[in-house]
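# Geometric and topological summary
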Amino acid sequence: MAEALRLARKGLYTTDPNPRVGCVIADGAQVSGRGWHQRAGGPHAEIAALRDANHSVRGQTAYVTLEPCSHHGRTPPCVGALLEAGIARVVVAVPDPNPAVAGEGLGQLRESGVDVQTGLMANEAEALNCGFLTRMRTGRPWVRVKSAISLDGRTALRSGESQWISGEASRRDVQHWRARSSVILTGIGTVLADDPSLLARVEGPVSQPLRVVADSRWRTPPTSRLLDDPAQTLVAGDRELPVPAALKAAGAACLPVTVGAGGVDLAELLEALAQREINEVQVEAGAQLCGSLLAAGLVDEILIYQAPMLLGDGGPGPFAMGPLESMAERTHLKVLETTHFGDDLRIRLIPDTRH
Ligand code: AOF
Ligand code: ZN
């Protein structure tokens, strides 16, 4: 299964909106076929592994990182192909919550007399497809907030100046997280202040994430760099206000949404993104948007790059939340992992639901 997960990771930047899936077919410790899903519309991991085996795999075991599919999607069902090949045992990391599959793949295999086991390396397989699994289970994408902070917890000077806090190694690492994302979400404040391009700059094939701007009053300049290159940009603004013709003419997709006192209705926006088959959303935005997402309970993961510098009083933190009245109001997080990138420390966290 570790090998199947390694294979699945080869599709990290390209399978969107499909999950990353790997498959190893083995006879005891002898591997006879390896495969992974490369892109939507292409063969699933199981089919690739069956094709890779150049002799009969009858009676052998298939290790798959996701429950084999039982439905006709863009391609025919993998369960049928595994049965036809005479696979005797299937070991699966996680069941597929896709309503078109949802246990039916495992059920059909069992009914046909295949020995089926699930849960092997499930944590690793969950992390690999956090977006796809969350979208299928909840109808909204996985949301990861990325932020670069100083040792004193600030993302900018009081003046707003923020280039560059994290070092080169961190900035290179961020590109990999962008490349695996379906969407990079930012706010109009960041667009007006920094005019970012938000492209994923990595080597090799990558399906560029959709850039999304939360822009209640449709202020995105038609001349912004976001609208200046081949990757797609979607602007979400107030459904009560007219969409500027110049914005559409500049190539932006415009999504009218509900806007309240705090700006764009973020739950509604995320749901609309899930309907467009968006799996992972990476938020690279200012304190207002990140704070609103956190307050609404819409943050699944936080990626912090902490640089060894002090930025002094008055600068913002990653999440605007106003002063707290008591310690009981603090937000608890759980550290998943800490890694060094050059002089910076990368901390990966998730909300701590025990509090
Ligand atoms: C697998 N192995 O490698 C993948 C699976 O439209 P299709 O035919 O590509 O089907 C996509 C769905 O199939 C996807 O939403 C997920 O439920 C499952 N993906 N299943 O057994 C694979 N990529
Ligand atoms: Zn399949």
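I will try to describe carefully the structure that is included in this document. (Residues numbered from 1 in each chain as written. Chains lettered and ligands numbered in written order. Predicted model: local features only at pLDDT ≥ 70, side-chain atom pairs only at ≥ 80, totals over all residues. Heavy atoms only, no water.)

### Here we look at the sheet that holds strand β15 (residues 333–341)
Pairing is mixed across the open sheet formed by nine strands, whose spatial order is β10-β9-β8-β7-β13-β6-β14-β16-β15. In this open sheet, the two edge strands, each paired with only one partner strand, are β10 (253–257) and β15. Sheet twist, expressed as the average angle between the axes of neighbouring strands with direction ignored, equals 25°. Here β15 runs beside strand β16 (residues 344–351); their pairing, made up of eight bridges, is antiparallel. Residue pairing in the sheet places V335 in a bridge with L349 of β16. Helix α10 (residues 266–275) contacts β6 (142–150), β7 (183–187), β8 (210–214), β9 (233–238), β10 and β13 (280–283) of the sheet and is inclined by roughly 135° relative to β10. (Pairing = 2+ DSSP bridges. Helix = DSSP H or I, 4+ residues; strand = E, 2+ residues; numbered from the N terminus. Axes fitted to C-alpha atoms, helices over the stretch in contact; angles between N-to-C directions. Contact = heavy atoms within 4.5 Å.)

### Considerations on the nonpolar core
M1, C23, I25, A62, I87 and V90 are the most contacted members of the largest nonpolar core, which has 40 residues in total. If you tally residues by element for this core, the top one is strand β4 (residues 89–94), at five residues. Apart from residues lying up to four places away in sequence, A62 is in contact with C23, V24, I25, L82, I87, R89, V90 and V91. The next biggest cluster of nonpolar side chains, apart from the first, holds 33 residues, and it includes V183, V212, L234 and L270. (Core = buried A, V, L, I, M, F, W, Y, C linked by side-chain atoms within 4.5 Å. Buried < 20%, exposed > 50% of the residue type's maximum accessible area, 1.4 Å probe, protein only.)

### Things to note about the sheet that holds strand β1 (residues 22–27)
Adjacent strands of a sheet form backbone hydrogen bonds with each other and so pair up, either parallel or antiparallel. As summarised here, the arrangement of the five strands in space is β2-β1-β3-β4-β5, forming an open sheet in which the pairing is mixed. The open sheet is flanked by β2 (30–36) and β5 (115–118), the only strands paired with a single partner. Direction aside, the axes of adjacent strands within the sheet are offset by 15° on average. With five bridges connecting them, strand β3 (residues 61–66) and β4 associate as parallel partners. In the strand pairing of β4, A62 is matched with V90. Together, β1, β2 and β3 form the strand contacts of helix α1 (residues 2–9), whose direction differs from that of β1 by roughly 145°.

### Some points on the site of ligand 1
Not every one of the 17 residues close to ligand 1 is listed here, only the nearest: A45, E46, R74, D96 and N98. Here ligand 1, which alone exposes 510 Å², has 96% of that area covered by the protein. Among the residues forming the shell around ligand 1, the class breakdown is six nonpolar, seven polar and four charged. (Near = heavy atom within 4 Å. Areas by Shrake-Rupley, 256 points an atom, 1.4 Å probe, with all protein chains shown as cover. Nonpolar A, V, L, I, M, F, W, Y, C, P; charged D, E, K, R; others polar.)

### Description of α1
Taken together, the buried positions of α1 are A4, L5, L7 and A8. Buried residues of α1 fall within an arc of 160° about the axis and therefore sit on the same side. (Arc of directions from axis to C-beta.)

### Some details on the coordination of the zinc ion (ligand 2)
Distances from the zinc ion (ligand 2) to its protein donors, namely H44 (ND1), C69 (SG) and C78 (SG), fall within the range 2.0 to 2.2 Å. Sequence positions of the residues that donate to the zinc ion (ligand 2) give the spacing H-x24-C-x8-C. (Donors = N, O, S within 2.8 Å, 3.2 Å for Na, K, Ca; no water.)

### Observations concerning the environment of T65
By the element assignment, T65 lies in strand β3. Of the residues examined, T65 reaches a relative accessible area of 3% and is grouped as buried. A polar side-chain atom of T65 sits 3.1 Å from the main-chain amide nitrogen of G22. (Polar contact = N/O pair within 3.5 Å; in protein donor to acceptor, adjacent residues only side chain to side chain.)

### Things to note about the packing of aromatic side chains
Each aromatic ring pair is characterised by the separation of its centres together with the angle its planes make. Scanning the entire structure with this criterion turns up one aromatic pair. Geometrically, the ring pair formed by Y305 and F341 is edge-to-face, given 6.5 Å between the ring centres and 65° between the ring planes. Of this pair, Y305 sits in strand β14 (residues 301–307) while F341 sits in strand β15, and the two are 36 residues apart along the sequence. The burial state of Y305 is the same as that of F341; both residues are buried. When the ring centre of W36 is taken as reference, the NZ or CZ atom of K10 above it lies at 4.7 Å. (Phe/Tyr/Trp six-rings, centres within 6.5 Å; stacked < 30°, edge-to-face > 60°. Lys NZ or Arg CZ within 6 Å of the ring centre and 35° of its normal.)

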